[in-house]
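Spelled out from the first residue to the last, the chains are:
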Amino acid sequence: MNTGFGKIVWWGFSPALNFLNESYISESLHILVVGAADSRHLLKTIAKSYEHTNLPFEMYVVENSIESYARQLMLLGIAFEQAKSLQEKTELLLEVFGNTLIRQSTLNYIQNKSSELIRMVTDFEELKQKMPFINLEALKYKERDSLESVFKFWRNPDSTLFDISKYWDLRLRHLLGPRFDSRDGVFDWDYNMKILNKGASIISSSEYKYWRKTGIAFHLREGDYNGPNKTLTSEHENQQYIRRGYWGDVVSSPYLAFGIECEDKEYLKKSNNIHCKTAQDVSARNVTAMMYELKYSRPYKNCTENIFGEREENHKGDLNMFQISFLPVNFISDLNKKACYQKLFDIVYFSNSMVHHFVPEFSTLLKRNAVVLVETAKFILDLTSEQEAEYIKKVTNMAEAAGCEYLDCMAVRWSAAIENEATEVGKEGTGGIL
């Protein structure tokens, strides 16, 4: 594993999207999310659904590892937790999302929630009662068993089973090689020559370099961050044996998901060309806004309630208006073989780690006027500018092979004209690269 990207993706490399803004359809929507790695797009779409009244939608999730499913279920469980205040949920979600080491209270929550999730994945009646918007029925029995095994590992109170600080150090040593002893200079170079050049200056030098050293991105509350975040564990198999460890990103950072864009422009202001806020501040604000909008179904900027002290009694939104269906692991290559998915999807999202599944046969899954979005490799810091350009070129060729045409280089969008036996020739979809 000689890349900072890693073998498994724990967080996305682009800001959270509201998928409902990508379609003009006023009826029910079917959205396919391929390889997003976390729940950022799901949560933002649900949080903003109050802007699209009476628009039911279903999001189908496909990942390449069962651990990604387990982690997304944990993050969704935190977001819809009824027994905690908005501040508590924000701090909890960000700790679980982006920290290798967490507070004891967060560790206790993961253990307790894991027991609850075990009951849900093994008893769908329990799932319907606790999280009625989650559908796991498409998963294979083996995958449900694997989910249960993951949650059992998470709830094990023995912290010595997963020494994530050791695994983080090993990842850095393997990545940097002889440069490990001068790693501070490497981190400084990556920040100044890559992070800043990518337009993510809201990420401060100190927080980025601290995360690179320790794996701790969010330090929102005073306390000891010394418990292992077991949701970041996965198994790596070679020819001889299977090893459990940390195989994720050690270069780009979790700040990209929630911390580099903000509706409240006050959070992006500068003084003497220095940002007044940090990516941690922006992340906390954005996640708090999502938690608020999930609860009250109205814009966060108009809130007057004591959002940090009030505990949530009931979710004010309509849980019957949306559903999240988890499809079998790596099922994306088999989707076009199933009649029930033919011409089903209004919106499709591909992460940069799974865009290779965007093949010509995939067009049979798209409805007329469907939207296809593809994550760029902008924040894959291992890549050179030439490699980034080559990635865009390859994805564009893939889109054209699937019947898409490059529409607007300023907006980086596509228009598709796909001819199938069952449909007329016409604009089957549009797509964009994030």
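Model, not experiment: these values are computed from the prediction.

**A closer look at the packing of helix H2 (residues 66-79) against helix H6 (residues 141-155)**
Then, number 1: At their nearest, the axes of H2 and H6 sit 9 Å apart, and the two run at 60° to each other. Judged by the twist between their axes, the crossing of H2 over H6 is right-handed. Packed against H2, whose contacting residues are Ile66, Glu67, Tyr69, Ala70, Arg71, Leu73 and Met74, the element H6 presents Glu143, Ser146, Leu147, Val150, Phe151 and Trp154 at the interface.

**Here's the deal with the packing of helix H3 (residues 86-98) against helix H4 (residues 104-122)**
Then, number 1: H4 packs onto H3 with a crossing angle of 80° between their chain directions and a minimal axis gap of 11 Å. As far as their axial angle goes, H4 and H3 are roughly perpendicular. Here Leu92, Glu95 and Val96 of H3 lie close against H4, whose contacting residues are Thr106, Tyr109 and Ile110.
Then, number 2: Split by residue class, the contact of H3 with H4 holds four nonpolar, one polar and one charged.

**Let's talk about the nonpolar core**
Then, number 1: Residues Leu32, Leu93, Ile134, Ile203, Ile324, Phe326 and Phe358 are the most contacted members of the largest nonpolar core, which totals 141 residues.
Then, number 2: The greatest single-element share of this core, amounting to ten residues, is contributed by helix H11 (residues 279-296).
Then, number 3: Excluding residues within four positions of it along the chain, Phe326 makes contact with Val61, Tyr69, Gln72, Leu73, Leu76, Ile134, Asn135, Leu136, Ala138 and Leu139.

**Observations regarding the pairing of strand S2 (residues 57-62)**
Then, number 1: By the criterion of burial, S2 is predominantly enclosed, with six of the six residues buried.
Then, number 2: Going residue by residue along S2, you find Phe57, Met59 and Val61 tucked away on one face and Glu58, Tyr60 and Val62 tucked away on the opposite face as well.
Then, number 3: Alignment of strand S1 (residues 29-34) against S2, held across six bridges, turns out to be parallel. The residue of S2 that forms the bridge with Leu32 is Tyr60.
Then, number 4: Each parallel crossover has a hand, and for S1 linked through helix H1 (residues 40-47) to S2 it is right-handed.

**Remarks on the pattern of salt bridges**
Then, number 1: Per the counting criterion, the structure on display carries 21 salt bridges.
Then, number 2: Two residues, Lys152 and Glu148, come together in a salt bridge whose shortest N-O distance is 3.3 Å. Here Lys152 pairs with Glu148, and both are found in helix H6, just four residues apart, close to one helical turn.
Then, number 3: One salt bridge in this structure joins Asp334 and Lys337, with 3.3 Å as the shortest N-O distance.
Then, number 4: Its relative accessible area of 27% is what places Asp334 among the partly exposed residues.

**Structural notes on the side chain of Ser114**
Then, number 1: Looking at where Ser114 falls in the secondary structure, it is placed in helix H4.
Then, number 2: Owing to a relative accessible area of 0%, Ser114 belongs among the buried residues under this scheme.
Then, number 3: Side-chain polar atoms of Ser114 contact the backbone oxygen of Ile110, separated by 2.6 Å.
Then, number 4: Other than its neighbours up to four places away in sequence, Ser114 contacts Met74, Phe151, Trp154 and Arg155.

The rules behind the values
- Residues numbered from 1 in each chain as written.
- Predicted model: local features only at pLDDT ≥ 70, side-chain atom pairs only at ≥ 80, totals over all residues.
- Heavy atoms only, no water.
- Axes fitted to C-alpha atoms, helices over the stretch in contact; angles between N-to-C directions.
- Helix = DSSP H or I, 4+ residues; strand = E, 2+ residues; numbered from the N terminus.
- Left-handed = near helix turned anticlockwise from the far one by under 90°.
- Contact = heavy atoms within 4.5 Å.
- Parallel < 35°, antiparallel > 145°, perpendicular 65-115°, else oblique.
- Nonpolar A, V, L, I, M, F, W, Y, C, P; charged D, E, K, R; others polar.
- Core = buried A, V, L, I, M, F, W, Y, C linked by side-chain atoms within 4.5 Å.
- Buried < 20%, exposed > 50% of the residue type's maximum accessible area, 1.4 Å probe, protein only.
- Pairing = 2+ DSSP bridges.
- Right-handed = clockwise from strand over helix to strand, strands pointing away.
- Salt bridge = Lys/Arg side-chain N within 4 Å of Asp/Glu carboxyl O.
- Polar contact = N/O pair within 3.5 Å; in protein donor to acceptor, adjacent residues only side chain to side chain.

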